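Report on the structure
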Amino acid sequence: MNTAHLHLADGRRVDYLIQTSARARCVRMKLSAQQGLVVVKPATTPHHYVTEWVNSKAAWIAKHWQPQVIAPATPQDLPERIELLALGETFQVIYQAEASNGVTLRSEPERVLRISGLIEEHTLCHQVLRRWLQRYAKQRLGEWLTQLAQETGLSYQGYSVKGQRSRWGSCSNQGNINLNYKLLLLPPAWARYTMIHELCHTVELNHSKRFWALVTQFAPDYPEIHHAMRGAMAELPHWVQVD
């Protein structure tokens, strides 16, 4: 690993590290609170090309190179941890500033989510987090719904996962169930009740006495949960709401 420096137009001097990686396919840069500016290059890329490339990025570096504030955003703005209460899982979120036109999210081992790129654009970070949550919910809620269908003997035609603003789930008259990916942020009993509720709609597509009697068979404590969930959507973290 080599060290180089760049003089910005405003008079600041930026010292940066040049790191060689056998896996790198192109030159790229990243900013971190621990190491500052780091430039990663393929093994075959000459040193002079790297310095010229960094010089061409001087305007971007001048805008983003602020070591005193290059720390992950506060939890109020961008979450550092995501608690999926329904599954009993916690994910750590790491933010990494890089020269980019947007942001990307990469899922890493040990339940780590790494968001890189224009991390100061909180709206973009929120969007990639919501897309990740929807994909993850598609798998995990689908597995859970299948299990509950087997336990209750209630069947459904198909299912989908979306991010509705006000509904936790729905069921069509064809037996297709739609679940809200935000269910993963709720207590497990609440998520389970929602799926039981929609499965019962495959038999009774209404809220008649027969419907609630069917729900009671599989979720006898549903009245307390149903009442508690009425204001739960508004209590969810800011990032999960649509910007």
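See the structure printed just above.
First, a word on what this report is: a plain description of the structure on this page.

1. Thoughts on the packing of aromatic side chains
Evaluated as defined, the whole model comprises six aromatic pairs. On the numbers, 5.5 Å between centres and 80° between planes, the contact of Phe91 with Tyr136 is edge-to-face. Linking Phe91 in strand 6 (residues 89–98) with Tyr136 in helix 3 (residues 122–152), this pair joins segments that are 45 residues apart in sequence. Across this residue pair, the class does not change: Phe91 and Tyr136 are buried. Taking the centre distance of 4.8 Å and the plane angle of 75° together, the rings of Phe211 and Trp212 count as edge-to-face. Taken as a pair, Phe211 and Trp212 share a single burial class, namely buried. The rings of Tyr193, Phe211, Trp212 and Tyr222 are connected pair by pair, giving a single aromatic cluster. Between the NZ or CZ atom of Lys138 and the centre of the ring of Tyr159, over which it lies, the distance is 4.4 Å.

2. What about the nonpolar core?
If you look at the biggest cluster of nonpolar residues, it comprises 71 residues, and the most contacted ones within it are Ile61, Ile82, Leu84, Ile115 and Leu133. With twelve residues, the single largest contributor to this core is helix 3. Excluding its chain neighbours within four sequence positions, the residues that come into contact with Ile82 are Glu89, Thr90, Phe91, Val93, Leu113, Leu129, Trp132, Leu185 and Trp239.

3. Re helix 1 (residues 47–56)
Along helix 1, the residues classified as buried are Val50, Trp53 and Val54. Taken end-on, helix 1 shows its buried residues confined to a sector of 100°, consistent with a single buried face.

4. Remarks on unusual backbone geometry
Non-glycine residue Glu110 carries a positive phi angle of around 60°. Positionally, Glu110 belongs in the loop between strand 7 (103–108) and strand 8 (112–117). By relative accessible area, Glu110 is classed as exposed at 74%. Backbone geometry places Arg111, a non-glycine residue, at a positive phi of 55°. Relative to the helices and strands, Arg111 resides in the loop between strand 7 and strand 8. Accessibility expressed as a relative area gives 39% for Arg111, which makes it partly exposed.

Definitions and cut-offs
- Residues numbered from 1 in each chain as written.
- Predicted model: local features only at pLDDT ≥ 70, side-chain atom pairs only at ≥ 80, totals over all residues.
- Heavy atoms only, no water.
- Phe/Tyr/Trp six-rings, centres within 6.5 Å; stacked < 30°, edge-to-face > 60°.
- Helix = DSSP H or I, 4+ residues; strand = E, 2+ residues; numbered from the N terminus.
- Buried < 20%, exposed > 50% of the residue type's maximum accessible area, 1.4 Å probe, protein only.
- Lys NZ or Arg CZ within 6 Å of the ring centre and 35° of its normal.
- Core = buried A, V, L, I, M, F, W, Y, C linked by side-chain atoms within 4.5 Å.
- Contact = heavy atoms within 4.5 Å.
- Arc of directions from axis to C-beta.

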